[in-house]
Amino acid sequence: QLSQLYLVSLHFQLEFPDHNFPLAHMQSELLTAFNRQEPRPSQLQHNVAAALNRIGWNHSFEYETPEGLSLDMAQPETKRAIE
């Protein structure tokens, strides 16, 4: 899917900043596909989030980073996440 290729392009950019992503010419199309996709958290993800709240690990659910990555649970201020 194009939305998954967008995540691959982000990873590529972060890991290999001196190289061009092979599908860079499609970046806007990949981003559009990614932005159209709604997160679909699983029941297990909801259960883990609830358990973390019970033990005092406050977090943002389905947190989106400035780079566009979606993290299942994150504490942006401490730069910690659970995926």
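Because the structure is a prediction, the values reported are computed rather than measured.

A. Representation of helix α3 (residues 43-54) within the structure. Helix length check: α3 (twelve residues) gives 17 Å between terminal C-alpha atoms against 16 Å at 1.5 Å per residue, within 8%. Among all positions of α3, only Gln45, Ala49 and Leu52 are buried. End-on, the buried residues of α3 take up no more than an arc of 65°, which puts them together on one face. Away from its buried face by more than 90 degrees, α3 exposes Gln43, Leu44 and Arg54. Buried residues along α3 sit in contact with β1 (60-64), β2 (70-75) and β3 (80-82).

B. Structural view of the nonpolar core. Residues Tyr6, Leu10, Phe12, Phe21, Met26, Leu30 and Phe34 constitute the largest nonpolar core, which totals seven residues. Elements supplying a minimum of two residues to this core: α1 (2-15) and α2 (27-36). If you tally residues by element for this core, the top one is α1, at three residues. Setting aside chain neighbours within four positions, we find Leu30 in contact with Leu2, Ser3, Leu5, Tyr6, Phe21 and Leu23.

C. Quick peek at the packing of aromatic side chains. Counting across every chain of the model gives three aromatic pairs. Here Phe12 and Phe16 contribute two aromatic rings whose centre-to-centre distance is 5.2 Å and whose plane-to-plane angle is 50°, an arrangement assigned as tilted. In this structure an aromatic cluster arises from ring pairing among Phe12, Phe16 and Phe21.

Rules behind the numbers
Residues numbered from 1 in each chain as written. Predicted model: local features only at pLDDT ≥ 70, side-chain atom pairs only at ≥ 80, totals over all residues. Heavy atoms only, no water. Helix = DSSP H or I, 4+ residues; strand = E, 2+ residues; numbered from the N terminus. Expected span 1.5 Å × (residues − 1). Buried < 20%, exposed > 50% of the residue type's maximum accessible area, 1.4 Å probe, protein only. Arc of directions from axis to C-beta. Contact = heavy atoms within 4.5 Å. Core = buried A, V, L, I, M, F, W, Y, C linked by side-chain atoms within 4.5 Å. Phe/Tyr/Trp six-rings, centres within 6.5 Å; stacked < 30°, edge-to-face > 60°.

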